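Commentary on secondary and tertiary structure
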Amino acid sequence: MPLDNDTGVRHDWTKEDALSLFRMPFNDLIYRAQNAHRRYFDANQVQMSQLLSVKTGGCPEDCGYCPQSSSHDTGLKAEKLMAVDDVLAAARQAKDGGATRYCMGAAWRNPKDSDLEAVCAMIEGVRALGLESCATLGMLTAPQAERLKRSGLDYYNHNLDTSEEFYGQIITTRTYQDRLDTLDNIRQTGIKVCCGGIVGLGETQDDRAAMLVNLASLDPHPESVPVNMLVQVEGTPLDGVEDLDSLEFVRTIAAAKIMMPASVIRLSAGREQMSDETQALCFLAGAGSIFVGDKLLTTDNPEKNKDVSLFERLGIRQAPAEGSAGAA
Ligand code: SAM
Ligand code: DTB
Ligand code: SF4
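Throughout, a residue's number is its position along its own chain's written sequence, starting from 1. Throughout, the order in which chains and ligands are written sets their labels, letters from A for the former and numbers from 1 for the latter. Only residues with pLDDT of 70 or above have their local features reported here, since the model is predicted, and side-chain atom pairs are shown and tallied only from 80 upward, although totals for entire chains, interfaces and linings are computed over all residues. Only heavy atoms go into the side-chain values, all of them from the structure, while hydrogens and water stay out.

Only one rule defines a salt bridge in this text: a Lys or Arg side-chain nitrogen within 4 Å of an Asp or Glu carboxyl oxygen. Here the structure, examined in full by the defined rule, presents 17 salt bridges. A salt bridge links D12 to R10, with the shortest nitrogen-to-oxygen separation between them at 2.8 Å. Remark: exposure states derive from per-residue accessible area (1.4 Å probe, protein chains only) relative to the maximum for the residue type, with buried under 20%, exposed over 50%, and partly exposed in between. Overall, R10 belongs to the buried group, its relative accessible area being 5%. In this structure, the salt-bridge partner of R10 is D17, at a minimum N-O distance of 3.3 Å. Residue D17 is classed as buried on the basis of its relative accessible area of 8%. Sharing partners across several salt bridges, the network here consists of R10, D12 and D17.

Nearness is defined per residue: one heavy atom within 4 Å of the molecule or strand is enough. Taken together, 13 residues sit near ligand 2, with N159, N228, L297, T298 and T299 positioned nearest. Polar contact is the term for a pair of N or O atoms within 3.5 Å; when the atoms are in protein, one must be able to donate a hydrogen and the other to accept it, and sequence-neighboring residues count only if both atoms are side-chain atoms. N228 is positioned with one of its side-chain polar atoms (N or O) 2.8 Å from an oxygen atom of ligand 2. Note that an oxygen atom of ligand 2 is positioned 3.0 Å from one of the backbone N or O atoms of L297. To be clear on the numbers: accessible area is Shrake-Rupley with a 1.4 Å probe, and residue cover counts the displayed protein chains and nothing else. Relative to its unbound accessible surface of 410 Å², ligand 2 loses 88% to contact with the protein. Judged by its atoms lying within 2 Å of the grid points, ligand 2 is housed in the largest cavity. Each residue gets one label: Ala, Val, Leu, Ile, Met, Phe, Trp, Tyr, Cys and Pro are nonpolar, Asp, Glu, Lys and Arg are charged, and the others, such as Gly, are polar. Residue classes in the shell around ligand 2 are distributed as six nonpolar, seven polar and no charged. Grid spacing is 1 Å over the protein atoms alone, the probe is 1.4 Å, and a cavity is where that probe fits but cannot get out, while a pocket is an open set with protein on both sides within 12 Å along at least five of seven lines and lining residues have an atom within 4 Å of a point. More than half of a molecule's atoms lying within 2 Å of a cavity's or pocket's grid points is what places that molecule inside it.

Here we come to the packing of helix α5 (residues 142-151) against helix α7 (residues 176-189). Two elements in contact, α5 and α7, have axes separated by 9 Å at closest approach and are oriented at 40 degrees. Overall, the two elements α5 and α7 adopt an arrangement that is oblique. Note on packing geometry: the crossing formed by α5 with α7 is right-handed. Residues A142, A145, E146 and K149 of α5 lie in contact with α7, whose contacting residues are N185, I186 and T189. Note on definitions: angles span 0 to 180 degrees between N-to-C directions of axes, and those axes are lines fitted to C-alpha atoms, for helices only across the stretch in contact. Counting from the N terminus, the helices are DSSP H or I runs at least four residues long and the strands are E runs at least two residues long. Here roughly perpendicular refers to angles of 65 to 115 degrees, roughly parallel to angles under 35, roughly antiparallel to angles over 145, and oblique to all remaining angles. If you view the pair so one helix is near and one far, a crossing is left-handed when the near helix is turned anticlockwise from the far one by less than a right angle, and right-handed when it is turned clockwise. When checking whether two residues touch, look at their non-hydrogen atoms; a contact exists if any pair is within 4.5 Å.

With that out of the way, let us pick up the pairing of strand β9 (residues 287-292). Taking burial as the measure, the six residues of β9 include six buried ones, the bulk of the element. DSSP bridges decide pairing: two strands pair if at least two such bridges lie between them. The sheet contact formed by strand β1 (residues 45-55) and β9 spans four bridges and is parallel. By the bridge assignment for β9, M48 is matched with I290. Where strand β8 (residues 264-267) and β9 come together, three bridges link them in parallel fashion. Bridge assignment links R266 to a residue of β9, and that residue is S289.

The omega angle of the peptide bond from D219 to P220 is 0 degrees, so this bond is cis rather than trans. Mapped onto the elements of the fold, P220 is located in the loop between α8 (205-217) and β7 (224-229). Positioned with a positive phi, D161 is a non-glycine residue whose angle comes to about 75 degrees. Relative to the helices and strands, D161 is located in the loop between β4 (155-157) and α6 (164-167). Judged by its relative accessible area of 4%, D161 is buried.

A few words now on the site of ligand 1. Around ligand 1 sit 18 residues in total, of which Y65, T136, N159, D161 and V231 are the nearest. N159 places a side-chain nitrogen or oxygen 3.1 Å from an oxygen atom of ligand 1. A distance of 2.7 Å separates an oxygen atom of ligand 1 from a polar atom in the side chain of D161. For ligand 1, the accessible surface in isolation is 560 Å², of which the surrounding protein chains cover 90%. Structurally, ligand 1 is housed in the largest cavity. Each residue belonging to the shell around ligand 1 can be placed in one class, and the counts come to 10 nonpolar, six polar and two charged.

Where helix α10 (residues 276-284) meets helix α11 (residues 304-314), the closest approach of the two axes is 11 Å, and the angle between their N-to-C directions is 55 degrees. The orientation of α10 relative to α11 falls into the category oblique. Both α10 and α11 take part in a crossing whose hand is right-handed. Here D276, Q279, A280 and F283 of α10 come into contact with α11, specifically with L310, F311, R313 and L314. For the contact of α10 with α11, a count of residues per class yields five nonpolar, one polar and two charged.

Turning our eyes to something else, we now look at empty space enclosed by the protein. Summary: where empty space remains is shown by rolling a probe the size of a single water molecule over the atoms. Grid points are joined across faces, edges and corners, and a volume is the space filled by probe spheres set on the points. Summed over all chains, the structure comprises two cavities of 30 Å³ or more. Taken as a whole, the largest cavity holds about 850 Å³ of empty space. Lining the largest cavity are 40 residues, and of these Y65, C66, N157, N159 and L297 lie nearest its centre. Residue assignment for the lining of the largest cavity shows that the elements contributing at least two residues are β2 (101-106), β3 (132-136) and β7. Grouping the constituent residues of the lining of the largest cavity by class yields 23 nonpolar, 12 polar and five charged. Taken as a whole, the second largest cavity spans an internal volume of roughly 40 Å³. Sorting the residues of the lining of the second largest cavity by element identifies α10 and α11 as the ones contributing at least two each. Considering each element in turn, the lining of the second largest cavity owes the most residues, three residues, to α11. Residues of the lining of the second largest cavity, tallied by class, amount to three nonpolar, one polar and four charged.

Spelled out as structure tokens, the structure:
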């Protein structure tokens with residue numbers, strides 16, 4: 001495996017390199033990941049973001065994991081885009097609850113230009129509250145990304161989700177290349193990139209390694225890398241798939257941290273189903289951010305008192321806004 005350069009930040013990871021990380025003895029892997037984390041971050045701080053689904057359900061994409069796809073019968077009621085004032089009232093509550101970033105998600109294939117204007121008003125309002133802003137609205141054209149930048153958007157979330165090889169078994173309505181094109185459109189504007197994936201879909205370790213290689217090939221690395229554990233939802237094709245071993249999930253976080261040390265790795269969906277001990281191992285492996293609040297987009301997330309207790313028992317403090325060490 002090539003030696004780290006001065007910064008530890010590399011864009012030339014191969015799948016073999018990544019697989020050898022996954023296959024390291026667990027203690028060695030975690031030790032290396034924790035060291036990588038400490039080069040760039042305070043290891044006892046975790047950043048807190050809060051999500052809101054501003055446009056729920058009825059999505060024309062067929063992502064096999066997602067309760068919001070109109071291809072799956074999950075009983076979720078499709079809703080219209082929320083009113084700006086309602087979003088800002090919820091954002092104010094999130095700020096009072098301690099979140100430093102507010103992430104607005106819409107179940108769209110791509111936004112219509114008219115909808116984008118309303119989302120831009122939400123972004124301006126969120127920033128006026130003193131929160132960082134993040135949006136995830138599906139595919140974007142270059143002019144749409146520029147419009148979001150003008151509204152002051154700090155981060156855009158758009159995931160690669162899995163390996164290119166496994167991708168076609170999970171999503172058929174848009175291609176891997178579509179995703180890379182959107183990511184490029186975002187990067188060009190200067191909006192920070194939040195891009196990661198989802199594990200526990202029935203993919204192999206090879207797929208997890210390949211996904212991380214693709215993420216680490218983005219140059220610069222995404223500033224924020226969400227690692228989602230599948231939340232199984234009845235009615236989706238992936239409901240009932242075999243659970244991923246929680247230690248393999250921790251290994252995925254650790255490998256992501258070693259491969260993208262200056263990026264914030266986000267312990268994302270799936271915390272409600274995780275033990276405190278698994279979450280603690282994720283922080284040890286270099287996860288520097290979580291979603292707080294009782295809900296993610298449509299599924300449950302741990303209640304505030306559980307997170308407060310976990311942070312207290314681990315001596316973890318909340319990271320101030322702009323926890324990222326910047327683009328690498
Ligand atoms: N519609 C937009 C898109 O797909 O880009 C934005 C929202 S989508 C819900 C954002 C990400 O959430 C997906 O890329 C996927 O990684 C994650 N996600 C969706 N459903 C999930 C589930 N059931 N469990 C875990 N993560 C999930
Ligand atoms: C991401 O990677 N995970 C978040 C955020 N980006 C938008 C969403 C998780 C969604 C989990 C399923 C749900 O609640 O609907
Ligand atoms: Fe739609 Fe996003 Fe869900 Fe895919 S993940 S079905 S694009 S909301």
